[in-house]
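Take a look at the letters that make up each chain.
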Amino acid sequence: MTGAEALLKTAAAAGIDACFANPGTTEMSLVAALDAVPSVRAVLGLFEGVCSGAADGYARMTGRPALALFHLGPGLANAIANLHNARRARSPVVNLVGDQATWHQAADAPLTSDIASLARNVSLWVRQSQSAGQVAQDAAEAIAASLGTPAGVATLILPADCLSGDAAGPEKPIAPAMPQQVAADAVELVAARLRVNSRAAIALGGKALSARGQRAAGRIAQATGCHLFSECFPARFERGPDLPAVDRLPYFPEWVAVFLEGVRTLVLAGAREPVAFFGYPGTPSRLTPEGCTLLSLATAEEDVEAALEALADALDAPAAPPPSARTAPALPSGDLDAAAAGTVLALLQPEGAIVVDESNTTGVGYFQAAASGPRHTLLTLTGGAIGMGPPCATGAAIACPDRTVIDFEGDGSALYTLQALWTQAREQLHVITLICANRSYRILTVEAARAKMESGPQALSLMDISRPQIDWVQLARGLGVPGTRADSVDSLRQALSAAIAEPGPHLIEVVL
């Protein structure tokens, strides 16, 4: 068989069943080999950033990597923004990047570039295959690396002749590295501190935000009275009334200062120390309150779920935490604003929904409104590289075809990867995209006001996307997705209810 066939059979044996692809000439052997391995579903994205974002969403929901197929260095470059988000989410992703044939590389043809240097920015593992016979082993190692601790992006660079040449056959899967167990004395150190300090908080990140992790954290909070909160941008956050109340770290540093005021012990459980998203003059980069003791219970390399359970046991915490007791907000009425849009979504989203939140400034009120809603999974913008929402929702829908996926999306961000709608239509995915159309890069106007910046006409023009006005309904229909427009609470309620009830993709322009 060819190296390409051996690679795909190796991937299939390791449990990989999806390939998000935007291929080119150097990858034709791999494209042809997909028919020989039908268990790997080929999903076409019209832009590489769609493929990388979809692979991220798929990985967040399955815990397994998908393949992401790109054409040479420029193809990988187009994918890097969402690979940056995947890296921050610690999502297992295996990039396959075609390259010039080994014997052609010295010619420095127009598409030749230093792919490895591009890949290293977003990958924890990078390799270039040297022969067709080596490709399957390289693929097995790439998959194992992506599933390691922490998980992440692995990039395998594949010269065209390595894909088309003869190979002996596939390789067996390689067992990935298992997470390290937290030492008993480290657990006891945190327990001792929590026993004597009532003004404590636990920052939850990574797998600590699974249902299992939150239940253990809830036991700890019940025993000690400590405050539970998530990272500002969690990769995957299970939410629902049967889970403990867990707040979310705010975005702006002055909000964080108020949020953490009075905390004297901060325990990190799979989360990093809170830091400012940007450097603001007169504001510290690290946001742990002065005089607060910072303790690490478990890092990304360690089994944070088991560590939280061990800490709960060490504190003789109750066997089960109380469920979250939050009152559902009332359905608003009248004109739409950001708070109303988030509340309508929170009240209507169905049981088991996957909500991809890239609403940015519009979605500030959604998180609290959804706290009393049915069980759902929240995926957020982990790395801050906008354009994650539509492709991430696409990958999540392929990972979980029996669940409704809702992309709560800013209009400025959606324009980066709008092509994902076409893939949703082609694959008939039940993804509902809510475009929060405020016709601006609102975060820039907010930041300008915070900096007391005098904004003249040219500066303001770079924050305005209303001239010409973007017609989201027509754009959606042009890409094969039914679109509608909502400009009141009642029209949004009707449109969202209809989209939830009907199969396939839908887009709703939410006029704010």
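Residues numbered from 1 in each chain as written. Predicted model: local features only at pLDDT ≥ 70, side-chain atom pairs only at ≥ 80, totals over all residues. Heavy atoms only, no water.

Peer 1: Hey, could you run me through the packing of helix H8 (residues 184–196) against helix H11 (residues 304–314) in this one?
Peer 2: A packed helix pair is summarised by two numbers, namely the angle formed by the two axes and the spacing between the axes. Following both chains from N to C, one finds H8 and H11 inclined at 50 degrees, their axes separated by 9 Å at the closest point. Taken together, the axes of H8 and H11 are oblique relative to one another. The handedness of the crossing between H8 and H11 is right-handed. Contact residues: H8 offers Val-187, Glu-188, Val-190, Ala-191, Leu-194 and Arg-195, while H11 offers Ala-310, Leu-311 and Ala-314. For the contact of H8 with H11, the per-class residue count stands at seven nonpolar, no polar and two charged. (Axes fitted to C-alpha atoms, helices over the stretch in contact; angles between N-to-C directions. Helix = DSSP H or I, 4+ residues; strand = E, 2+ residues; numbered from the N terminus. Parallel < 35°, antiparallel > 145°, perpendicular 65-115°, else oblique. Left-handed = near helix turned anticlockwise from the far one by under 90°. Contact = heavy atoms within 4.5 Å. Nonpolar A, V, L, I, M, F, W, Y, C, P; charged D, E, K, R; others polar.)

Peer 1: Hey, could you run me through the sheet that holds strand S1 (residues 18–21) in this one?
Peer 2: Pairing within the open sheet is parallel, and its six strands lie in the order S2-S1-S3-S4-S6-S5. Edge positions in the open sheet fall to strand S2 (41–44) and strand S5 (125–128), since each of these has one partner strand only. Going from strand to strand, the sheet's axes swing by 20 degrees on average, the running direction of each strand aside. Bridge count between S5 and strand S6 (residues 153–159): four bridges; the pairing is parallel. Residue pairing in the sheet places Gln-128 in a bridge with Ile-157 of S6. (Pairing = 2+ DSSP bridges.)

Peer 1: Explain the packing of aromatic side chains to me, please; I cannot follow it from the model alone.
Peer 2: Pairs of aromatic rings are described using the distance from one ring centre to the other and the angle between the two planes. In this structure the tally under the stated criterion is 10 aromatic pairs. Seen from their ring centres, Phe-20 and Tyr-58 are 6.1 Å apart, and the 65 degrees between their planes marks the pair as edge-to-face. Pair noted here: Phe-20 is in strand S1 and Tyr-58 is in helix H3 (residues 48–62), with a separation of 38 residues, a long-range link. Judged by its relative accessible area of 1%, Phe-20 is buried. (Phe/Tyr/Trp six-rings, centres within 6.5 Å; stacked < 30°, edge-to-face > 60°. Buried < 20%, exposed > 50% of the residue type's maximum accessible area, 1.4 Å probe, protein only.)

Peer 1: Where do I start with helix H1 (residues 3–13) in this structure?
Peer 2: In an α-helix, one turn spans 3.6 residues, which is why side chains three or four residues apart end up on the same side. Within H1, burial applies to Gly-3, Ala-4, Ala-6, Leu-7, Leu-8, Thr-10 and Ala-11. Close packing links the buried residues of H1 with helix H2 (28–33), strand S3 (67–71), strand S4 (93–99), helix H6 (132–146), S6 and helix H7 (160–164). One or two steps after H1, the chain reaches Gly-15, where phi turns positive at roughly 95 degrees.

Peer 1: Looking at this model, I keep getting lost on empty space enclosed by the protein. Mind explaining?
Peer 2: In this approach a probe as big as a water molecule rolls over the atoms, and the regions it shows empty are the leftover space. Across all of its chains, the model carries two cavities of 30 Å³ or more by this definition. Estimated volume of the largest cavity: approximately 90 Å³. In terms of lining residues, the largest cavity is bounded by Gln-214, Phe-237, Glu-238, Arg-239, Gly-240, Leu-243, Pro-244, Ala-245, Val-246, Ser-324, Arg-326 and Ala-371. If you tally residues by element for the lining of the largest cavity, the top one is strand S9 (residues 237–239), at three residues. The residue inventory of the lining of the largest cavity, partitioned by class, reads six nonpolar, three polar and three charged. When residues of the lining of the second largest cavity are traced back to their parent elements, those giving at least two are S2 and H3. If you tally residues by element for the lining of the second largest cavity, the top one is H3, at three residues. Across the lining of the second largest cavity, the residue classes break down as six nonpolar, three polar and no charged. (1 Å grid on protein atoms, 1.4 Å probe; cavity = no way out; pocket = protein on both sides within 12 Å on 5 of 7 lines; lining within 4 Å. Points joined across faces, edges and corners; volume = space filled by probe spheres on them.)

Peer 1: For this particular structure, what's the right way to read the sheet that holds strand S7 (residues 200–204)?
Peer 2: Note: strands within a sheet are paired through backbone hydrogen bonds, in either parallel or antiparallel orientation. Pairing is parallel in the open sheet, where five strands are placed in the order S10-S8-S7-S11-S12. The sheet terminates laterally at strand S10 (247–248) and strand S12 (293–298), the two strands that pair on one side only. Alignment of S7 against strand S11 (residues 265–269), held across five bridges, turns out to be parallel. When the sheet's bridge partners are listed, Leu-204 is paired in S11 with Ala-269. Sheet contacts for H8: S7, S11 and S12; angle to S12, the most-contacted strand, approximately 135 degrees.

Peer 1: Looking at this model, I keep getting lost on the pairing of strand S15 (residues 405–410). Mind explaining?
Peer 2: Among the six residues that make up S15, six are buried, leaving the element largely enclosed by the rest of the structure. Where burial is concerned, the two faces of S15 agree: the one with Val-405, Asp-407 and Glu-409 and the one with Ile-406, Phe-408 and Gly-410 are both buried. Pairing of strand S13 (residues 353–358) with S15 involves five bridges; the strand directions are parallel. The residue bridging Asp-357 from the neighbouring strand is Phe-408, located in S15. For S15 and strand S16 (residues 431–437), the ladder comprises six bridges, and the chain directions are parallel. Note that in S16 the partner of Phe-408 across the bridge is Leu-434.

Peer 1: For this particular structure, what's the right way to read the layout of surface pockets?
Peer 2: Its boundaries defined by the atoms lining it, the second largest pocket holds a volume of some 1100 Å³. Listing elements by their share of the lining of the second largest pocket, those giving two or more residues are S13, helix H13 (366–369), helix H15 (411–414) and helix H17 (442–450). With five residues, H17 is the single largest residue contributor to the lining of the second largest pocket. Class assignment of the residues belonging to the lining of the second largest pocket gives a composition of 20 nonpolar, 13 polar and six charged.

Peer 1: What's the story with the environment of Leu-72 in this structure? I'm lost.
Peer 2: In this structure, Leu-72 sits in helix H4 (residues 72–89). Note on Leu-72: relative accessible area 1%, which makes it buried. Separated by 42 residues in the primary sequence, Leu-72 and Asp-114 place their C-alpha atoms 9.2 Å from one another. Setting aside its immediate chain neighbours within four residues, Leu-72 contacts Thr-26, Glu-27, Val-97, Gly-98, Asp-99, Gln-100, Leu-111 and Ile-115.

Peer 1: What am I meant to see in the nonpolar core here?
Peer 2: Where a protein is soluble and globular, its nonpolar side chains tend to be buried together. By size, the foremost hydrophobic cluster in this structure holds 57 residues, and its most contacted members are Leu-308, Leu-434 and Ile-508. Of all the elements, helix H20 (residues 489–501) adds the most residues to this core, at six residues. Those residues in contact with Leu-434, other than ones at most four positions away along the chain, are Leu-345, Ile-406, Asp-407, Phe-408, Glu-409, Leu-492, Leu-496, Ile-508 and Val-510. (Core = buried A, V, L, I, M, F, W, Y, C linked by side-chain atoms within 4.5 Å.)

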